[in-house]
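Residue-level structure breakdown
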Amino acid sequence: MLKTAPIPENEEERQESLESMGILSTPRDPELDRITRLCERIFGTEIVAISLLDNDRQFFKSRVNLAVPETPRDISFCGHAIMHDAPLIIGNAQTDDRFSDNPLVKGAPHIRAYAGVPLSNSKGFKLGTLCIIDTKTREFSDSEIETLKDLAHWVETVLALRYTERNQKQLLADLDAAHRDMMIDSLTGVWNRRGLQELLSREMTAARIKNGSAGVFMLDIDHFKQVNDTYGHLVGDKVIQDIAAIMSSSLRDHDIVGRFGGEEFVCILPGLRLEQTMYLGYKLCNAVRDQCHVTGPDGNSVPITVSVGATWISNETTDLHEPLDVLRVADEALYDAKESGRDTVRYKALDTFGNLDGLSG
């Protein structure tokens, strides 16, 4: 009796993570095709595929000697493979209770031998597999399996690179309307907390792979409760909107600005050098102080300033910290800035660079 491919317990989160990468149903990727061709030469198998498990289908991101671009997920071998960390190795599918009645065994492409290594993204979700397939039975040696695992790691690196190469505009274009609304702050039109966490995760992956870096700033509007209490929520909302616009116009097109919640904002600056961090923090402070001109109901100008907490990520720190850790450190630096009199910047290093705390001025 056919045993359909099981569904992971975290399927909803896995699917969401896969979709966020923007790698489904895209044009053929020369680098991935190079890997599958190399697999064909190394292992001498008839079929090689990089599969991605998307809802109810198995989509082949790259394939060798496989005519169809996708197959149903419920009959896929790869659907079984992603349920475990270890490779799925089958020498003869006809004698395996899980697959002996499978249409892909009983009919084309007449699978007999299969070896598949699960592919994971930076968040740990299994996306699919790198698999090699034969129409005749065979055994796979330990050396062959280790080689396949190395090649699968290469595939993961390429997929991660493609993910990080997509800019903010491309990410927005990829999202459907409902998902887009969930990541954009309705008051300001910039990213919300969820969008910021997604993009920070992307930038940390990019820093890890490309030996890159990024500055991360947490900003808080000084004495915002007093502004709301004195001038009303309409003026308070106008202050929040103006600061979002000022930060967006003060930074580069590819820098990321978002509202973290309430009167707090986060800015992520990809490629920022450590020695630039304090300068950019003060630039944000100065821009708000100079450009945020809000008038109260009495016609008087309302002085607005922000406090800034800064930290910095590099390829070394991405291995030690999660996005929430980075935001926590930036928030601790922000607390120091507010304790130091507000309208100023304080820097706090991530653990690996603890000896650089002296940069805070």
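Residues numbered from 1 in each chain as written. Predicted model: local features only at pLDDT ≥ 70, side-chain atom pairs only at ≥ 80, totals over all residues. Heavy atoms only, no water.

1. A closer look at the overall build of the chain
In plain terms, the rule: In this description a helix means any DSSP run of H or I spanning at least four residues, a strand means any run of E spanning at least two, and both kinds are numbered starting from the N terminus. In this scheme, a residue with accessible area under 20% of its type's maximum is buried, one over 50% is exposed, and one in between is partly exposed, where area comes from a 1.4 Å probe on protein chains only. A contact between two residues is defined here by any heavy atoms of the two lying within 4.5 Å. Where accessible areas are quoted, they stem from the Shrake-Rupley method and a 1.4 Å probe; at the residue level, only the protein chains shown are allowed to cover.
Of regular secondary structure, the chain possesses 13 helices and 13 strands. Reported as C-alpha extents along the three principal axes, the dimensions of the chain are approximately 85 × 40 × 30 Å. Taken over 361 residues, the chain has a buried fraction of 53%. When contacts within the chain are restricted to residue pairs at least 6 apart in sequence, long-range pairs at least 24 apart make up 67% of them. When the accessible area of the chain is evaluated, it comes to approximately 16,400 Å², of which 50% is carbon and sulfur surface.

2. Some words on the confidence of the model for the chain
To keep it simple, the criterion reads: Note: pLDDT gives the predictor's confidence per residue, expressed from 0 to 100.
Taken over all residues, the pLDDT of the chain has a mean of 88, while the share at 70 or more is 92%. Contacts from residues 353-361, a stretch scored under 50 in pLDDT, to residues over four places away or in other chains number 20 contacts.

3. A look at the sheet that holds strand β12 (residues 306-314)
We count it as follows: Paired strands, as defined in this entry, are two strands with at least two bridges between them according to DSSP. Throughout, an axis means a line fitted to C-alpha atoms (over the contacting stretch in the case of helices), and angles, computed between N-to-C directions, take values from 0 to 180 degrees.
A sheet is described by the order of its strands in space; here 5 strands give the open sequence β8-β9-β7-β12-β13, paired in mixed fashion. Strands at the two margins of the open sheet, each flanked by one partner only, are β8 (256-261) and β13 (345-347). Geometrically, the sheet is characterised by an average inter-axis angle of 20° between neighbouring strands, direction not taken into account. In the sheet, strand β7 (residues 213-221) pairs with β12 via 9 bridges, with the strands oriented antiparallel. Bridge pairing in β12 places D220 opposite S307. Contacting β7, β8, β9 (264-270) and β12, helix α8 (residues 193-210) crosses the sheet at an angle of about 135° to β8. Running over the sheet, helix α10 (residues 233-250) touches β7, β8, β9 and β12 and is turned about 10° from β9.

4. Observations concerning the side chain of S76
Put simply, the rule reads: N or O atoms within 3.5 Å of each other form a polar contact, as long as, within protein, one can give a hydrogen and the other can take it, and as long as residues adjacent in sequence are counted only when both atoms are side-chain atoms.
You can see S76 is positioned in the loop between β3 (70-72) and α3 (78-81). In terms of polar contacts, S76 uses its side chain to reach the backbone amide nitrogen of G79, at 3.0 Å. Not counting residues up to four positions away in its chain, the partners in contact with S76 are A5, L53 and Q58.

5. Observations concerning the state of the cysteines
Put simply, the rule is: Our working definition of a disulfide is a cysteine sulfur pair at a distance within 2.5 Å.
Going through the model one piece at a time under the given rule, you end up with 0 disulfides. Between C78, a cysteine without a disulfide, and C131, which holds the nearest cysteine sulfur, the sulfur-to-sulfur distance is 4.0 Å.

6. Examining unusual backbone geometry
Here the amide bond leading from A108 into P109 is cis, since omega sits at 5°, within 30 degrees of zero. Topologically, P109 is positioned in the loop between α4 (103-106) and β5 (113-120). If you check the backbone angles, H110 has positive phi at about 60° while not being a glycine. On the secondary structure map, H110 appears in the loop between α4 and β5.

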